[in-house]
Amino acid sequence: MLSQQDLIDKGLKATLVDHPLIQHKLSLMREKQQSTAAFRSLLREISWLLCFESTRDLPLEMKAIETPVEAMKAPVLSGKKLAFISILRAGNGLLDGMLDVIPSARVGHVGLYRDPDTLQAVEYYYKVPNKIGERLVVVVDPMLATANSAIAAVQRLKDGGAVNMRFVCLISAPEGVKAFNEAHPDIPIVTAAVDSHLNDHGYIVPGLGDAGDRIFGTK
Ligand code: PRP
Ligand code: URA
């Protein structure tokens, strides 16, 4: 696994959220004998922490309130409700935890799957909240491997008018971070780990296998 300094040395741009709780929970998720229920619930817990990090710069405004003791001006979130965009289907595993933290967020879905032969992203669904250009958009998917899926999803959102975006994932490959940085240099990546490399099938090594299958128990 790469450190934040390793990323800087390699010229890769990503924020590594390597809080000890995240590292511990991610190690449990990686274990191949982990049950579907445990995998899903660990992912949900990690996504709470990733949500805090990826929304660190949400704008605030001061609102007049009254506590039982006296009146005060208190900070509250300002602007349009933010939008979480889940890249189906594994993105939904991160989305659930994000919504625990920000229940009022709007939600969109971009349906993409990786063609197993070409590893190119194939779109099958797209539905996002209105006025997407006025919202902070947080795109979520647990895995950034070749980055073909994330690059396509973000491009689709840009074409639809989104401007203020970030991409949040659990595990990245250095190859994916590089490709995403090149395709979308304006979009920050927030990730819990950057692993060693991709194998010949485009899987992250050591990774955790197929995220969708492990979340939904489809294998
Ligand atoms: C997985 C994962 C990402 C994609 C990452 O989805 O959830 O969307 O692969 O790979 P990439 O960076 O090389 O594009 P998958 O295509 O397996 O679909 P699923 O979520 O429906 O299982
Ligand atoms: N998609 C996954 O689910 N896992 C990988 O390692 C790569 C792509």
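Right, let's walk through the structure included here. (Residues numbered from 1 in each chain as written. Chains lettered and ligands numbered in written order. Predicted model: local features only at pLDDT ≥ 70, side-chain atom pairs only at ≥ 80, totals over all residues. Heavy atoms only, no water.)

### Re the site of ligand 1
Residues in contact with ligand 1 amount to 15 residues; listed here are only the nearest, Arg114, Asp141, Thr146, Ala147 and Ser149. A distance of 2.5 Å separates an oxygen atom of ligand 1 from a polar atom in the side chain of Ser149. Out of a free accessible area of 500 Å², ligand 1 has 90% covered by protein chains. Mapping ligand 1 onto the cavity grids shows that it belongs to the largest pocket. Class assignment for the residues of the shell around ligand 1 results in seven nonpolar, four polar and four charged. (Near = heavy atom within 4 Å. Polar contact = N/O pair within 3.5 Å; in protein donor to acceptor, adjacent residues only side chain to side chain. Areas by Shrake-Rupley, 256 points an atom, 1.4 Å probe, with all protein chains shown as cover. 1 Å grid on protein atoms, 1.4 Å probe; cavity = no way out; pocket = protein on both sides within 12 Å on 5 of 7 lines; lining within 4 Å. Sits in = over half its atoms within 2 Å of the grid points. Nonpolar A, V, L, I, M, F, W, Y, C, P; charged D, E, K, R; others polar.)

### Comments concerning the site of ligand 2
Near ligand 2 the following residues occur: Arg114, Met143, Ala145, Gly202, Tyr203, Ile204, Gly209, Asp210 and Ala211. Take Gly209: an N or O atom from its main chain is 2.8 Å from a nitrogen atom of ligand 2. Counting atoms within 2 Å of the grid points, the majority share of ligand 2 lands in the largest pocket. When grouped by side-chain class, the residues that make up the shell around ligand 2 number five nonpolar, two polar and two charged.

### Considerations on helix 3 (residues 36–54)
In this model helix 3 runs 26 Å from its N-terminal to its C-terminal C-alpha over 19 residues, within 8% of the 27 Å that 1.5 Å per residue would give. Three or more residues of helix 3 are buried, namely Phe39, Leu42, Leu43, Ile46, Ser47, Leu50, Cys51 and Ser54. (Helix = DSSP H or I, 4+ residues; strand = E, 2+ residues; numbered from the N terminus. Expected span 1.5 Å × (residues − 1). Buried < 20%, exposed > 50% of the residue type's maximum accessible area, 1.4 Å probe, protein only.)

### As for the pairing of strand 6 (residues 121–127)
Here strand 5 (residues 106–114) runs beside strand 6; their pairing, made up of six bridges, is antiparallel. Across the sheet, His109 pairs through a bridge with Lys127, a residue of strand 6. Between strand 5 and strand 6, which pair antiparallel and follow one another directly, the connecting turn spans six residues, one of which, Leu119, has a positive phi of 65°. (Pairing = 2+ DSSP bridges.)

### Quick look at the layout of surface pockets
Space inside the largest pocket adds up to approximately 550 Å³. Around the largest pocket, the lining is made up of 24 residues, and of these Ala90, Arg114, Asp141, Ser149 and Asp210 lie nearest the centre. Where the lining of the largest pocket is concerned, the elements lending two or more residues are strand 4 (83–88), strand 5, strand 8 (143–144), helix 5 (148–159) and helix 7 (211–216). Here the residues of the lining of the largest pocket sort into 14 nonpolar, six polar and four charged. Empty space within the second largest pocket amounts to approximately 310 Å³. Of the residues that constitute the lining of the second largest pocket, the class distribution is seven nonpolar, four polar and six charged. (Points joined across faces, edges and corners; volume = space filled by probe spheres on them.)

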